[in-house]
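Structural description and commentary
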Amino acid sequence: MRILIEENYEAMSKKAALMVAGQILLKPNSVLGLATGSTPLYMYRELVRMHREEDLDFSSITTFNLDEYVGLNQDNINSYHYYMFDNLFNHVNIKKENIFIPDGMAENLYEECKRYEKLIKDRGGIDLQILGIGKNGHIGFNEPDLKFEATTHVVELDDETIKANSRFFSSIDEVPRRAISMGIKTIMHSRKIILLASGEEKAEAVKKAIFGPIIPGLPASVLQLHPDVTIILDREAAMYVE
Ligand code: F6R
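This report concerns the structure included in the present document. (Residues numbered from 1 in each chain as written. Predicted model: local features only at pLDDT ≥ 70, side-chain atom pairs only at ≥ 80, totals over all residues. Heavy atoms only, no water.)

Some points on the site of the ligand
Worth spelling out the cut-off: We call a residue near a given molecule or strand whenever any one of its heavy atoms falls within 4 Å of it. What qualifies as a polar contact is a pair of N or O atoms within 3.5 Å, subject to a donor-acceptor requirement within protein and to the restriction that residues adjacent in sequence count only when both atoms come from side chains. Each accessible area value is a Shrake-Rupley result obtained with a 1.4 Å probe; residue values ignore everything except the protein chains displayed when judging cover.
Close to the ligand lie 13 residues, the nearest being Thr39, Asp67, His138, Gly140 and Lys202. Between Thr39 and the ligand, the recorded distance is 2.4 Å, taken from a side-chain N or O atom to an oxygen atom. Taking His138, its side chain carries an N or O atom lying 2.7 Å from an oxygen atom of the ligand. With the chains in place, 94% of the 410 Å² that the ligand exposes on its own is no longer accessible.

Some points on the sheet that holds strand S8 (residues 178-181)
Stated formally: When DSSP finds at least two bridges between two strands, those strands are taken to pair. Helix and strand labels come from DSSP, where a helix needs a run of H or I of at least four residues and a strand needs a run of E of at least two; each type is numbered from the N terminus. Between N-to-C directions, angles span 0 to 180 degrees; the directions come from axes that are lines fitted to C-alpha atoms, helices contributing only their stretch in contact.
Pairing is antiparallel in the open sheet, where three strands are placed in the order S4-S8-S7. Edge strands, defined here as strands with exactly one partner in the open sheet, are strand S4 (67-69) and strand S7 (153-156). Sheet twist, expressed as the average angle between the axes of neighbouring strands with direction ignored, equals 30°. Sheet topology places S7 next to S8; four bridges connect them, and they run antiparallel.

Details of the nonpolar core
The criterion, for reference: Nonpolar core, defined: a set of buried Ala, Val, Leu, Ile, Met, Phe, Trp, Tyr and Cys residues in which side-chain atoms within 4.5 Å join the residues together. Under the scheme applied here, a residue whose accessible area is under 20% of the maximum for its type counts as buried, over 50% as exposed, and between as partly exposed, the area being computed with a 1.4 Å probe on protein chains only. Contacts are assigned to residue pairs with any non-hydrogen atoms lying within 4.5 Å of each other.
In this structure, Phe64, Ile139 and Leu223 are the most contacted members of the largest nonpolar core, which totals 33 residues. Of all the secondary-structure elements, those providing two or more residues to this core are helix H4 (109-122), helix H6 (184-188), strand S9 (192-197), helix H7 (203-211) and strand S10 (229-234). Here this core takes four residues from H7, the largest share from any one element. Residue contacts for Ile139: discarding those within four places in its chain leaves Leu131, Gly132, Ile184, Ile187, Leu195, Pro219, Ala220, Val222 and Leu223. Counting 29 residues, the second largest nonpolar core, distinct from the first, contains Ala17, Tyr44, Met50 and Leu196.

Things to note about the packing of aromatic side chains
Applicable threshold: Classification of ring pairs rests on two measures: the distance between centres of Phe, Tyr or Trp rings, Trp counted by its six-membered ring, which must be within 6.5 Å, and the angle between planes, read as stacked under 30 degrees, edge-to-face over 60 and tilted in between. The criterion for a charge sitting over a ring is simple: Lys NZ or Arg CZ within 6 Å of the ring centre, and within 35 degrees of the ring normal.
Counted by the stated rule, this structure contains nine aromatic pairs. Measuring from centroid to centroid gives 5.2 Å for Phe85 and Phe89, while their planes differ by 80°, and the two rings are edge-to-face. Three or more aromatic residues joined by ring pairs form one cluster here, namely Tyr69, Tyr80, Phe141 and Phe169. Lying across the ring of Tyr240, Lys207 places its NZ or CZ 5.1 Å from the centre.

Structural data, given as structure tokens:
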């Protein structure tokens, strides 16, 4: 594991964007795994800026998102589809046919998970996966559990996650209770992983992910077993690491 500690959220985001840009420059047809949430927002902004001002080229890039809520259609402003188009895809030259996000409206969610997993394989696997981390140590929507869930699957969200994500909805009752998420094996098969964490509220989970035992009760701890993980933290998230 490489651990980079940056002064603040902006510096953390810029470092992550530089690493993504490096991946795109070295392999213009890279397959990127993407996360949503608050943490990568500024990194996406920075990537959009690099596209506009520095010609960063997304025309051969393929993306797979980590997760999507069940039951929100793509136009719902809280869906991860909406988030991705709003924050990145609408502003760069990525091809629509190269964008993949689980379909949380699929009639058969089980088939959708199988389809998604196969798509990732068919596209040659993920070169670089971006991750955030939940306060409970989740990655993607792999919540603390008794076992590591391997591949793309339907998840029942933890109360803590529902509460944390309710900040984006007008009331907590509107937050979907289920999501589709890549599994731990899907994530671990990525060739490279970057995990971003910002703010004091993530410090405990970050500490356990890096130094704690590798247990499904703290899903991010599994990253200790991956050969190429970079964890980029701001000072607050790194308060128990330094
Ligand atoms: C998002 C995702 C989640 C978030 C995590 C942190 O696609 O898979 O694991 O990365 O919940 O969310 P924020 O960044 O909002 O604190």
